Amino acid sequence: MADKARSVRAYELVWDFSAIINTSWRVAAKEVLLALLAPHHESVMACSLALRKFRSPRTCRRFLNRFTEWFNWLTREGVTSLEGVTQEHCDRFIDEQQWRLPEPGEPRQQVVPETLAESVRVVQLLTLYGELLSTDSYRAGFVPWNGRSTLEIVGVKWLRGNRTPVAPDHILQPLLATCLYLVNEVGPHLAAVAEQMRAAAAEGKELPYGNVTHVPALREAIRQMRAAGEPLPEGVVTKRRTSEELGILNRLAWHHLAHRVGARDLSSAHLRPHIVPPLIKLATTVGFAGPWARQAPTIPRNDDSQPVPWTGPLTDNQVDSLIANVLTACLVVTCALTGMRNSELVELNVGCRRTTQVAGRMRYRLAGRLIKGKGMGGVPDEWMVIEEVHRTVGLAERLTGKPAGSALYGEIALSMRLKRLRQWLEETGNRERWGLPVIPNGPISARMLRRTLALSIAERPGGLLAAKIALKHISVATTEGYAARPGGSQRLFLAEAEEAEEEVHLRLTIEAFHEMKAGRQPAGPGARSLIEAFQHVDAQLQEAARHNPKVLQDDRHLEGLLSKQAKTLHVGPANFCWFRDPSKALCLKLAGTPDATKPLIGMCDSARCPQATHHQRHRPVWIGQVTTISAFVESPRVAKGEKQRLLPERDRAQRVVSEIDAASGTAA
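Q: Can you lay out the nonpolar core for me, pointing to particular residues and giving the numbers?
A: Ranked by internal contacts, the top residues of the largest apolar core, which has 70 residues, are W310, L366, L399, Y409 and W434. Elements represented by at least two residues in this core include exactly α7 (169-205), α12 (316-338), β8 (361-370), β9 (379-385), α14 (387-400), α15 (414-428), α17 (446-459) and α20 (489-517). Top contributing element to this core by residue count: α7, with 15 residues. Non-local contacts of W310, meaning those with residues more than four positions away in its chain, are made with V186, H189, L190, V193, A293, A296, P297, T298, I299, L322, R433 and W434.

Given below as structure tokens:
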């Protein structure tokens, strides 16, 4: 396990086989799990049915839990040898595993399909590794549920689909706004303080311990602080009830005062009687304040851009807390704008940033490791990222102060980190200081952020997240990463985005079909051909309904009929492009690339292209164009010639709006 991935926890490497009652089956479980860890071992390769794909220690530990349940269930049923296992045993075991009784007296709970599927796989694994088992195995020729897939056995059809929910928009918007503010505005100032604090700590280790020779310097320092009205350096405020004198002494950050006079600390019993009385007197005059960021520069508030000091004076503990929460913000930005998994985030090291210059433009990459689907410890990999992410990772490196090669973020635990971030913002008053929005309570995880980014890229050109925070063109930079390493982790993310894109396009096509059925027709040059295609599908549905009536909203038959049409859909910012015939695509004609297999959506002139349609969802975009052009035309600062050029553009946009209204039945 020396090369294990960092995401594998220590407890996941503790495998307790003693929970299996039958001792011979303990050996069988060990042999199968080790074979899953080492699929290319010569003994495993000799098994004709053995799986050739590496399974991580985390997966194997879950399989051990399923093995324990299966073997102990057989023991309770009186089975002493695997040769006596029948299909009836397998069926009854899975039937019982579907329901569990968590605590005595509580109602039964249904097991999630993924866990039930693991139980099925474990029962079947003993067949695949029968040649390797040394103590006991199924009888020759016995294959549990022979010929049936895991999905059929579990009884679900959607197990393979990605059921991770997207991050709710009412949480995602304020979360990204807060994290970007912490990274861009607060982070650079905090990094400077963190570097000063680490440098002071390193210098303090080289100083001598305090003694009576430092008394004159201490008295002079006290005199200077009294004259300047400088507060004493504050340490930790204790809530324990103590005398006023003891409370003052406990509140003082002694090491900061010691460093001021060239000593490591002031703990000597012979030293303190000389300085405690004047310190107590000074504390009642000037009070206490954190030793860091006493003259904090100003930064603009997030809500009204008014300048405010980025922080008040900070103690050592407050600096550490601030660092931890800004690191959480760095983690959120990195995760949300790259789509990295937990296993990939945790593999990022200090010093992972890479830059190259391509055609005069800077390109940014993060070097890490791809874990999922690879062998022990994964393989080296790189992510192409945007400059914002590159800068965020650089800030995280400054905040941690770790040497090169150390883990950058450590344990991810994003949900717990965000819970602490919300609480810290409210308790410290920093949210109000910086004018940040309230982050509502709700679940947020790295998986949800990855899924959100994939769907955002799939649904809109350029990606919804990029549009929300105005960060260049995230999809362009990411796509370059896909092309650079087609077998890497970004390629896996692209596969998820493409799968999500297919789902979104099918959903949009079905919505357009239902809108037509409801009388809200599409507009645009390609409307007639789209209506004809939908009418053909509708006729097929009517014919099928005569033989097998179905509920249209839940009808898989409709999805099958529209799937071919959905594959031609390309989503533009102000139109749908139904790319059925490249020879008719106006964008390809303008670009001189008639043999292209995809439209150039950025060059789309949907008001003239015979394959473009406008729907009610596109109306706000065209209304916005009319409003913007009208503002320029009415402005006295715009030249007359420019106004003449803009008028045809406004007329065209207004014509598109009128066509959408007329087709959807909302015309005045």
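Q: Give a detailed account of the sheet that holds strand β11 (residues 576-578), specifying residues and quantitative values.
A: Strand order in the open sheet made by the 3 strands is β10-β11-β12, with antiparallel pairing throughout. Strand pairing shows two members of the sheet lacking a second neighbour, β10 (569-571) and β12 (612-613), which therefore form its edges.

Q: For unusual backbone geometry, give the residues involved together with the corresponding values.
A: Phi at W145 is positive, roughly 55 degrees, even though this residue is not glycine. With respect to the element layout, W145 can be found in the loop between α5 (113-128) and α6 (150-154). At S305, a residue that is not glycine, the phi angle is positive and equals roughly 65 degrees. The topology assignment puts S305 in the loop between β5 (298-300) and β6 (307-309). Under the relative-accessibility criterion, S305 is labelled exposed at 52%.

Q: Go over the sheet that holds β9, please, and point to the residues and values.
A: Taking strand neighbours across the sheet as the criterion, the 3 strands line up as β7-β8-β9 in an open arrangement whose pairing is antiparallel. The open sheet has two free edges, formed respectively by β7 (353-358) and β9, since each of these has just one partner strand. Mean inter-strand twist for the sheet, computed between neighbouring axes without regard to direction, equals 35 degrees. Two strands pair when backbone bridges link them, and β7 and β8 are joined in this way by 6 bridges, in the antiparallel orientation. Bridge pairing links T355 to Y364 in β8. Each of β7, β8 and β9 is contacted by α14, which is oriented at about 150 degrees to β7, the strand it contacts most.

What counts as what
Residues numbered from 1 in each chain as written. Predicted model: local features only at pLDDT ≥ 70, side-chain atom pairs only at ≥ 80, totals over all residues. Heavy atoms only, no water. Core = buried A, V, L, I, M, F, W, Y, C linked by side-chain atoms within 4.5 Å. Buried < 20%, exposed > 50% of the residue type's maximum accessible area, 1.4 Å probe, protein only. Helix = DSSP H or I, 4+ residues; strand = E, 2+ residues; numbered from the N terminus. Contact = heavy atoms within 4.5 Å. Pairing = 2+ DSSP bridges. Axes fitted to C-alpha atoms, helices over the stretch in contact; angles between N-to-C directions.

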